[in-house]
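# Structure at a glance
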Amino acid sequence: MKISYNWLKQYLPINLEAIDTAQFLTDCGLEVEGIEVFQSMKGGLEGIVIGEVKTCSKHPNADKLSITTVDVGGAVPLNIVCGAPNVAEGQKVVVALPGAKLYPSEGDPFEIKKSKIRGEASEGMICAEDEIGMGNSHAGIIVLPADTRIGMPAKEYFNVEEDMVFEIGLTPNRADAASHIGVARDLKAVLENSREPRAKGQEKYQLVYPSTDNFKVDNNDLMIQVEVKDTSACPRYSGVTISGIEVKESPQWLKNKLAAIGVHPINNIVDVTNYVLHECGQPLHAFDADKIKGKKVIVRTAGEGEKFVTLDGIERTLTSTNLMICDENDAMCIGGVFGGMNSGISEKTKNIFIESAYFYPASIRKTSKQHGLKTDASFRFERGTDPESTIYALKRAALLIKEIAGGNISSEIVDIYPENIHPKKVEYNFTSAATLIGKEIQKTELKNILSSLNISVEKESNESLQLVIPTYKVDVTREADVVEEVLRIYGYNNVEVPQKLSAALSFFPKHDADEMQDKISGYLSSNGFLEMMNNTLSKQQYVEMSGENEAVAVKILNPLSQELGVMRHTMLYSGLESIEYNRNRQHADLKFFEFGTTYSNSEKGFNEQQHLSLFVTGKKQDESWNSEKGEVNFFYLKTYVQQILKLSGIDLTKLKEEAASDSFAYGISWKLNEKELVTFGAVSKKNMKPFGISSEVFYADFKWKVLLKSAASNKVRYAEVSKFPQVKRDLSMIINTDVTYGQIRDIAFRTEKNLLKEINLFDVYAGDKIEAGKKSYAVSFILLDEHQTLTDKVIDKVMSRMMEAFEKEAGAVIRK
């Protein structure tokens, strides 16, 4: 949410620097995520001044250029070559000096430099409207009145407004602060109760509300009746008519206010409704009164399957839960969300009906999400607006419209409010509040804070206060909420950390999951991996891409968008999204890891599974004269997978190898005690195609709970370095192409459990020199006896047993 500092100070006159105000806002729970400078004309016309053309003559080398001398208030006039057809001696003009940066209406900004144009020196530029972003005309230079002062900065002449704009990360429960007056209320409260010297610069802080005392009905010539058929979805509906208005462009002050907070000005009527919304937080809607058939507004829910064309030209299918604002014949607006195509304000509009309502938040939230419509109005209605502000906002808007669009207020205010919404009452117990806060706040200071928050004390006892909560604080419904309000103003930093802390010591007989995660994260980070933290909400499309049954997906009942409709069921696609994002920004050599959760649905219910995923793609290392060149491959990823398992204390010789799933072009899955531990390999092209990824991506997926459990059961054992030498023997064998190295390894360790320590595949060949369907493996074996030196007899016996096992179980032909 954007808040203009100049606008804010209209309601709370203060003299603080913007950075100090931002700190006070952040301290009271309105976190300022950034501050940006706004200028009503981009660049603020810096380096541009008013000048007078002293001489003007034709350029000797160009028919359409003129050579001028221009007095800009300096010691000597400037020589400027000008191409405008209307330039003439004696004119007062707008001059951009060398070094000035211009922001044209179209195209990129550019800097003015001293130069030679067709052989003649030019020391600046005489500007047209479009060249400084004032308009779109390029017919000629801007010519100002003759009495304009020479040397005056252009930003002073054109009244360029400068402002500081706060970007506030408004939490969903703070609907009361979704406006400039709402923010001003909080700022006043925190400044009045602050202990900081910066807040003591003024004796008193006064909140200034725009007055509506001048509101009066001019006539009753345009009466619009209102009927609310669904008072549960619309507890309050107010309206008034204004006749004889003129729809036109808004005055500059209004356009500047809206532009500062990122709202595009449309016309004076719509701009006023937007202005009041951002001023006091109450959304308004203006209807063309002449288009309201039967001169009657009906608030009802839509018929199931009813069609309605919204202001963006899209026909939408409605449901029975959608609240509609209608006339006697047709729907005019989706209540609290979006206007209709045929009832809006146009240049021909002369008479208007202004709506100011309080809608039930859940109804608006459901409709907004159903149709994927997010507007400034729905943003506030779905969080909860103040039911007592409808009349004030209506009067405020009516007075502003009369001021800038003319017209007469032509009806009494219609206010349908069958059942008043009363302020909530909350009991504040001193003892329980002190427990929540962590200290006891003195009663006098507590009452001052409550008073500054407009929370009144109805009754007081030695144990508690009976409080009345203003209706605009829709999130304050219980004692804990009041404690939060008090703490925001008192200051969390003013709650001292106690000198003594009591804690229970925890005993972890197994591996601590956090410690294990830190260890693996540290290993991966030190090897150039970057950690990802992806959204667990994902696309339905990914379930279909994976080939899983649609029933597996855990669907969101009220998704934020169609792109976030299900919980992710695999780590693969969120990782590919991150790779796509980085590749699109010219980062192609990537090593990522993520600790995350996947979600699925089964006959037994919902399943959550924790994972560790690795992704590598591109080059192994940045290009350098002394580094290894080459692309990452399957074995590059396998190295990291093995190291993670070793860090976890898992014996690689006990792993059972199987082929990976169809998500991989090729890969393997390792199981431990019949439970899948990790699957890794190259991602299939069909999975990468939707992301536009052309280079190979290698992906590993660890089942984190299985890894933790396996690590916990493997105690670290220390052994003395053997006094006896190890022996290496090599075997060359021809096997079928469907026999894997994992099978060879398993056969070897199963055959010789005592002396065989390591096995390594150091050469693979498949080609025209051996028969089709076959491949050649060259494997080395490391043998060691911890108690004695191995003899040739023992070694030969071991190797013979393994060769026999390879021939029998793998169909190997041993080359002897």
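Described below are features of the structure shown in this document. Because the structure is predicted, anything quoted here is derived from the model rather than measured. (Residues numbered from 1 in each chain as written. Predicted model: local features only at pLDDT ≥ 70, side-chain atom pairs only at ≥ 80, totals over all residues. Heavy atoms only, no water.)

Next up on the list: the environment of A88. With respect to the secondary-structure elements, A88 resides in the loop between β5 (78-82) and β6 (92-96). The exposure class assigned to A88 is partly exposed, which follows from its relative accessible area of 30%. C-alpha of A88 to C-alpha of D218: the two residues are 130 residues apart in sequence and 52 Å apart in space. Among residues more than four places away in sequence, those in contact with A88 are V53 and C56. (Helix = DSSP H or I, 4+ residues; strand = E, 2+ residues; numbered from the N terminus. Buried < 20%, exposed > 50% of the residue type's maximum accessible area, 1.4 Å probe, protein only. Contact = heavy atoms within 4.5 Å.)

The next point concerns the sheet that holds strand β14 (residues 225-228). Here five strands make up an open sheet; going across it, the order is β14-β17-β20-β21-β22 and the pairing mixed. Two strands bound the open sheet, and with one partner strand each, they are β14 and β22 (338-339). Relative to strand β21 (residues 331-334), strand β20 (residues 323-326) is paired through three bridges, and the arrangement is antiparallel. Counted as the bridge partner of M324 is I334 from β21. (Pairing = 2+ DSSP bridges.)

Turning to the state of the cysteines, a few remarks are in order. Following the criterion strictly, the structure yields zero disulfides and no others. C234 forms no disulfide, and the closest cysteine sulfur to it belongs to C333, at a distance of 11 Å. (Disulfide = S-S within 2.5 Å.)

Viewed as axis vectors pointing N to C, helix α4 (residues 180-193) and helix α11 (residues 443-452) meet at an angle of 160°, and their least axial separation amounts to 9 Å. With respect to each other, α4 and α11 are oriented roughly antiparallel. For the crossing formed where α4 meets α11, the hand is right-handed. Every residue of α11 that contacts α4 at A189, E192 and N193 is listed here: N448, I449 and S452. The residue inventory of the contact of α4 with α11, partitioned by class, reads two nonpolar, three polar and one charged. (Axes fitted to C-alpha atoms, helices over the stretch in contact; angles between N-to-C directions. Parallel < 35°, antiparallel > 145°, perpendicular 65-115°, else oblique. Left-handed = near helix turned anticlockwise from the far one by under 90°. Nonpolar A, V, L, I, M, F, W, Y, C, P; charged D, E, K, R; others polar.)

Moving on, we get to the side chain of K703. One can find K703 in strand β38 (residues 697-703). If sequence neighbours within four positions are ignored, K703 has contacts with Q609, Q610, H611, E676 and L677.

Glancing now at the environment of A660. Inspection of the secondary structure assignment puts A660 in the loop between β35 (656-659) and β36 (664-672). On a C-alpha basis, the gap between A660 and H59 in space is 78 Å, while along the polypeptide they are 601 residues apart. Not counting residues within four places of it along the chain, the set of residues in contact with A660 comprises G667, I668, S669 and T679.

Let's shift gears to helix α12 (residues 479-490). The α-helix winds at 3.6 residues per turn, so residues separated by three or four positions along the chain end up facing the same way. For α12, with twelve residues, the first-to-last C-alpha span of 16 Å sits near the 16 Å given by 1.5 Å per residue. Looking at α12, one finds that the buried residues are E479, D481, V482, V483, E485, V486, L487, R488, I489 and Y490. Tucked into the core, α12 has its buried residues touching α2 (18-27), α4, β26 (425-429), α10 (430-437), α11 and β28 (464-468). Positive backbone phi, approximately 105°, marks G491, located one or two places after α12. (Expected span 1.5 Å × (residues − 1).)

Before going further, it helps to examine the pattern of salt bridges. Going through the model one piece at a time under the given rule, you end up with 40 salt bridges. The salt bridge partner of R488 is E485, with a shortest N-O separation of 3.0 Å. Here R488 and its partner E485 are both found in helix α12, three residues apart, which amounts to about one turn of the helix. The residue R568 makes a salt bridge to E594 at a minimum N-O spacing of 3.3 Å. Taken together, the residues span a long stretch of sequence, with R568 in the loop between β32 (566-567) and α15 (572-583) and E594 in strand β33 (residues 590-602) at a distance of 26 residues. Residues R568 and E594 agree in their burial class; the two are buried. Ionic contacts of the salt-bridge type, sharing partners, join the residues R174, D176, D186, K473, E485 and R488 into one network. (Salt bridge = Lys/Arg side-chain N within 4 Å of Asp/Glu carboxyl O.)

Moving on, we come to a negative patch on the surface. Taken together, D589, D622, E623 and E631 make up a surface patch of like negative charges. Note on E623: relative accessible area 68%, which makes it exposed. (Patch = residues over 30% accessible without salt bridge, like charges linked within 9 Å, V, L, I, M, F, W, Y side chains within 5 Å. Areas by Shrake-Rupley, 256 points an atom, 1.4 Å probe, with all protein chains shown as cover. Lys, Arg positive; Asp, Glu negative; His and termini not counted. Charge placed at Lys NZ, Arg CZ, Asp CG, Glu CD.)

The next point concerns the environment of D662. Structurally, the position occupied by D662 is in the loop between β35 and β36. A relative accessible area of 66% places D662 in the exposed class. The sequence separation of D662 and T148 amounts to 514 residues, and the corresponding C-alpha distance is 77 Å. Leaving out residues up to four positions away in the same chain, D662 has contacts with S684 and K686.

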